[in-house]
Amino acid sequence: MSKAKAKRQKASFSTEWTEGQRVVIEDIEHKSKAFAPIQIDEGNLVEVVQVDGGLITGLSEGDFICDNLVYTIEDNLMGLNITWLIELKGTKNTKKAAHSIDQILKSIQYMQDQIKYPQAGKYVAKRDFVFAAIAGAPDKTLPALTNKDTNKLCKKLMAISGRRKEIKDMSMLFCYIRPNVRYDKADVRGQKPPYEIVCYNKKEGYIPYPSMLMKLLEM
């Protein structure tokens, strides 16, 4: 799951990370080249969770969900409770990229199923903001999706975000992660939401969490 040493292993599918630590979310098992490099902001303790095959198991063949989520356990700086759902999709195929939206929506559906997955509910319940992202690979062009593809997901993210009244546009809750070796520093790009986060796993290319997500809401 990562290229750094975790503070503490919570379960076989979950690790805790604290301020200043860096984690590269990746999917080595499925040989995906997509990744999301994250650096934890000051005052934060977070949990990085493997959703597919970890938090959520026992799915039928052909039933796909998202790869990971980042969950704020404690934020002593801004006092925010945030969940960030991430699907790793190293593809330039629009149809495959669009399928990521269904995977994230299904993940939320399973997490809200308190009978089958009672341990998963906390990750999407009573959160200030719930974000989602599709992460690409540095050697492939991750296609931008249409509003028709993303609107259903954005409506769901809006509905489960407790501080939804502070969100100007529901599309701000969804973004693309575009790793590129040319980016020595992570940044937000785009004229309108959904925005894209450009990044890389070297120097200052790591995505600061959760401050960069809050930057999406301020664009």
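On a predicted model such as this, the values are computed, not experimentally measured, just so you know. (Residues numbered from 1 in each chain as written. Predicted model: local features only at pLDDT ≥ 70, side-chain atom pairs only at ≥ 80, totals over all residues. Heavy atoms only, no water.)

Novice: Help me out: how do you make sense of the overall build of the chain in this one?
Specialist: Across its full length, the chain holds 3 helices and 12 strands. For 219 residues, the compact-globule estimate of 2.2 N^0.38 gives 17 Å, and the C-alpha radius of gyration of the chain, at 16 Å, lies within 12% of that figure. For the C-alpha atoms alone, the extent of the chain along its principal axes is close to 45 × 40 × 40 Å. Evaluated residue by residue, the chain yields a buried proportion of 53% over its 219 residues. The long-range share in the chain, meaning contacts at least 24 apart out of those at least 6 apart in sequence, stands at 61%. Here the chain contributes 34 positively and 27 negatively charged side chains, and the mean placements of these two sets differ by 4 Å. (Helix = DSSP H or I, 4+ residues; strand = E, 2+ residues; numbered from the N terminus. Rg over C-alpha atoms; globule rule 2.2 N^0.38 Å. Buried < 20%, exposed > 50% of the residue type's maximum accessible area, 1.4 Å probe, protein only. Contact = heavy atoms within 4.5 Å. Lys, Arg positive; Asp, Glu negative; His and termini not counted. Charge placed at Lys NZ, Arg CZ, Asp CG, Glu CD.)

Novice: Looking at this structure, how should I read the side chain of Asp128?
Specialist: Within the element layout of this structure, Asp128 appears in the loop between helix H1 (94–111) and strand E8 (129–135). Buried Asp128, no salt bridge; nearest opposite-charge side chain is Arg163, N-O distance 4.1 Å. One polar contact links the side chain of Asp128 to the main-chain amide nitrogen of Asn81, over a distance of 2.8 Å. Apart from residues no more than four positions distant in its own chain, Asp128 is found in contact with Gly79, Leu80, Asn81, Ser161, Gly162 and Arg163. (Salt bridge = Lys/Arg side-chain N within 4 Å of Asp/Glu carboxyl O. Polar contact = N/O pair within 3.5 Å; in protein donor to acceptor, adjacent residues only side chain to side chain.)

Novice: Please clarify how helix H3 (residues 211–218) should be interpreted in this entry.
Specialist: For an α-helix the count is 3.6 residues per turn, leaving residues at separations of three or four pointing the same way. Among the residues making up H3, those that are buried are Met212, Leu213, Met214, Leu216 and Leu217. If you follow the buried residues of H3, they end up packed against strand E7 (82–88), E8, strand E9 (174–179), strand E10 (187–189), strand E11 (195–199) and strand E12 (207–209).

Novice: I would appreciate a short explanation of the sheet that holds E12 in the present structure.
Specialist: Remark on secondary structure: sheet strands pair via backbone hydrogen bonds, oriented parallel or antiparallel. Across the sheet, which stays open at both edges, the 3 strands sit in the order E3-E4-E12 with mixed pairing between neighbours. Strand pairing shows two members of the sheet lacking a second neighbour, strand E3 (22–26) and E12, which therefore form its edges. The average angle at which neighbouring strand axes cross in this sheet is 35 degrees, direction not considered. Examined bridge by bridge, E3 and strand E4 (residues 35–40) share 5 bridges and lie antiparallel to one another. Directly across from Arg22, in E4, lies its bridge partner Gln39. (Pairing = 2+ DSSP bridges. Axes fitted to C-alpha atoms, helices over the stretch in contact; angles between N-to-C directions.)

Novice: Looking at this model, I keep getting lost on the nonpolar core. Mind explaining?
Specialist: One broad trend across soluble globular proteins is that nonpolar side chains are buried collectively. Within the largest apolar cluster, 70 residues are counted, with the highest numbers of intra-cluster contacts made by Trp84 and Leu85. Among the elements that line this core, the one with the most residues is H1, at 8 residues. (Core = buried A, V, L, I, M, F, W, Y, C linked by side-chain atoms within 4.5 Å.)

Novice: Explanation requested: helix H2 (residues 147–159) in the structure shown.
Specialist: The end-to-end C-alpha distance of H2 is 17 Å, a good match for the 18 Å that 13 residues give at a rise of 1.5 Å each. For H2, the set of buried residues is Thr150, Leu153, Cys154, Leu157 and Met158. Residues of H2 that are buried sit in contact with E7, H1, E8 and E9. (Expected span 1.5 Å × (residues − 1).)

Novice: Would you mind showing me how to read the environment of Met219 here?
Specialist: Its place among the elements puts Met219 in the segment after H3. Separated by 15 residues in the primary sequence, Met219 and Glu204 place their C-alpha atoms 21 Å from one another. Sequence-distant contacts of Met219, defined by excluding residues within four places in its chain, comprise Lys168, Met172, Val188, Gly190 and Tyr195.

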